Amino acid sequence: MKKRQIVVRRDQSGRCSDTSASTYGSVRYRECQKNHAANMGGHAVDGCREFMASGVEGTAAAFTCAACGCHRNFHRREVDTEK
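Everything numeric here is computed off the predicted structure, so don't read it as measured data.

Asks: Just to check I follow, could you spell out the overall build of the protein chain for this structure?
Replies: When helices and strands are counted, the protein chain shows one helix and four strands. Here the protein chain holds 83 residues, and 13% of them are scored as buried. Partitioning the contacts of the protein chain with sequence separation of at least 6, the portion at a separation of at least 24 is 39%. Accessible surface, the protein chain as shown: approximately 6,700 Å² in total, 50% of it carbon and sulfur.

Here is the structure:
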């Protein structure tokens, strides 16, 4: 898992500015890594290749994958860094 560093700076007016948005680009969720055979002591994944939200952004359904039905946290997170 990659560590993320967030830098918070104060300008002369005393406001905080978050510079993490300029450091990191878009976030994509790739293949599902949910182990469906964990209760039997095995390892089996469903083969879902990429997360597709089943609802509109801002709703609870946006965290559920339309292809496999798993929560977004089970999908591998990939961050595109801008240089």
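Asks: What is the right way to read the nonpolar core from this model?
Replies: In terms of nonpolar packing, the biggest core is built from six residues, these being Tyr29, Cys32, Cys48, Phe51, Cys65 and Cys70. Ignoring sequence-local partners within four residues, the contact set of Cys32 consists of Val45, Asp46, Cys48, Cys68, Cys70, Phe74 and His75.

Asks: Even after reading the chapter, I still don't get the pattern of salt bridges, so can you show me in this structure?
Replies: Two side chains that carry opposite charge are able to pair once their charged atoms sit near each other. According to the stated counting rule, one finds five salt bridges in the structure shown. A salt bridge links Glu50 to Arg30, with the nearest nitrogen and oxygen atoms 3.9 Å apart. Here Glu50 is found in the loop between strand E3 (24-32) and strand E4 (75-81), whereas its partner Arg30 is found in strand E3, with 20 residues between them in sequence. Across the pair Arg76 and Glu31 runs a salt bridge, and its minimum N-O distance is 2.8 Å. Of this pair, Arg76 sits in strand E4 while Glu31 sits in strand E3, and the two are 45 residues apart along the sequence. Look at Arg76 and you get partly exposed, because its relative accessible area is 30%. Given the relative accessible area of 23%, Glu31 is considered partly exposed.

Asks: Mind showing me how you'd approach the environment of Arg76 here?
Replies: As a C-alpha pair, Arg76 and Arg30 span 46 residues in sequence and 5.1 Å in three-dimensional space. When neighbours within four sequence positions are excluded, Arg76 is seen to be in contact with Arg28, Tyr29, Arg30, Glu31 and Gln33. A polar contact is formed between the side chain of Arg76 and the side chain of Glu31, at a distance of 2.8 Å.

Asks: Would you explain the confidence of the model for the protein chain in this entry?
Replies: Interpretation of the predicted coordinates at a detailed level should be avoided for regions scoring low in pLDDT. Mean pLDDT over the protein chain: 81, with 69% of residues reaching 70 or higher. For the stretch residues 16-22, pLDDT sits under 50, and the model shows 12 contacts to residues farther than four places along the chain or on other chains.

About the cut-offs
Residues numbered from 1 in each chain as written. Predicted model: local features only at pLDDT ≥ 70, side-chain atom pairs only at ≥ 80, totals over all residues. Heavy atoms only, no water. Helix = DSSP H or I, 4+ residues; strand = E, 2+ residues; numbered from the N terminus. Buried < 20%, exposed > 50% of the residue type's maximum accessible area, 1.4 Å probe, protein only. Contact = heavy atoms within 4.5 Å. Areas by Shrake-Rupley, 256 points an atom, 1.4 Å probe, with all protein chains shown as cover. Core = buried A, V, L, I, M, F, W, Y, C linked by side-chain atoms within 4.5 Å. Salt bridge = Lys/Arg side-chain N within 4 Å of Asp/Glu carboxyl O. Polar contact = N/O pair within 3.5 Å; in protein donor to acceptor, adjacent residues only side chain to side chain. pLDDT = per-residue confidence, 0-100.

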